[in-house]
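Close look at the chain arrangement
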Amino acid sequence: MLKFDVVTVFPEYLEPLKLSLMGKAIDDGLMSVDVHDLRDKTHDKHKTVDDSPYGGGPGMVMKPEPWGDMLDDLVNDETVLIIPTPSGKQFTHSMAANFATKKHIIFACGRYEGIDSRVAQHYKTRIRVEEVSIGDYVLAGGEVAVLVMVEAIARLIPGVLGNQESAVDDSFALGSMENLLEGQIYTRPPVWRDLEVPAILTSGDHAKVAAWRHEQAVERTRQNRPDLLGE
């Protein structure tokens, strides 16, 4: 079972982790999710978690003391600590697949200008720490990124998807036609608003269907992500 711990100053933000596919995975004992309020590790009446940055500059920085007290309670030898940040490594399908093989992941949700850098520096001496970005943009905090990453990781845990082949055929999956984007998809009815399902998909010729899907994947990749084709 993969155990997720999420540390945040807004625990309610993580409620969607109990819904849909992830909620079923929790109920089935394939994963667990515990959310922790960082303010529980503060020691002043205002429950302060931030302070002004050394060297000046705008915004506030999250203090290391509450983070250290919280993480010390949660970390073990098998922990991977993930810190969502726009300055981190790009989150990818292969990264999600790697995380899905782990036993314990802690997400540290920063706010304001982020978490004092000494937190990552300290825990890198004890466990694996990954600073990860879900895209080239800035969010108000790490919670949204955690929702994205947990869902991407959870669906790759064996048994979470009803049909594990679904993960193999996804865009960016290693088995998804040379890392191409997934092509066009269709279901019933055969005609909708004068638009017909491509005849090849109802031909029963599996080889031709596979070839057509590959062509469609290449074309969609060329239109939407030409960088994946080196163009």
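First, a word on what this report is: a plain description of the structure on this page. (Residues numbered from 1 in each chain as written. Predicted model: local features only at pLDDT ≥ 70, side-chain atom pairs only at ≥ 80, totals over all residues. Heavy atoms only, no water.)

1. Some details on a nonpolar patch on the surface
A contiguous nonpolar patch, built from Phe10, Tyr13, Tyr137, Leu139, Val144 and Val148 and spanning about 500 Å² of accessible area, is present on the exposed surface. Of note, Leu139 is situated in the loop between β7 (128-133) and α5 (143-154). Judged by relative accessible area, Leu139 falls into the partly exposed class, the value being 37%. (Patch = residues over 30% accessible without salt bridge, like charges linked within 9 Å, V, L, I, M, F, W, Y side chains within 5 Å. Areas by Shrake-Rupley, 256 points an atom, 1.4 Å probe, with all protein chains shown as cover. Salt bridge = Lys/Arg side-chain N within 4 Å of Asp/Glu carboxyl O. Helix = DSSP H or I, 4+ residues; strand = E, 2+ residues; numbered from the N terminus. Buried < 20%, exposed > 50% of the residue type's maximum accessible area, 1.4 Å probe, protein only.)

2. Structural notes on the sheet that holds strand β1 (residues 2-8)
If you walk across this open sheet you meet the five strands as β2-β1-β6-β5-β7, and the pairing is parallel. At either margin of the open sheet sits one strand with a lone partner, and together these are β2 (31-37) and β7. Adjacent strand axes in the sheet meet at a mean angle of 25°, parallel and antiparallel pairs treated alike. Note: β1 against strand β6 (residues 104-108), five bridges, orientation parallel. Bridged to Asp5 within β6 is Ile106. (Pairing = 2+ DSSP bridges. Axes fitted to C-alpha atoms, helices over the stretch in contact; angles between N-to-C directions.)

3. Overview of the packing of aromatic side chains
This model, assessed by the stated rule, comprises one aromatic pair. For the pair Phe4 and Phe107, a centre-to-centre distance of 6.1 Å together with 20° between the ring planes defines the contact as stacked. Taken together, the positions of Phe4 in strand β1 and Phe107 in strand β6 put the pair 103 residues apart, joining distant regions of the chain. Take Phe4 and Phe107: they sit in the same class, and that class is buried. (Phe/Tyr/Trp six-rings, centres within 6.5 Å; stacked < 30°, edge-to-face > 60°.)

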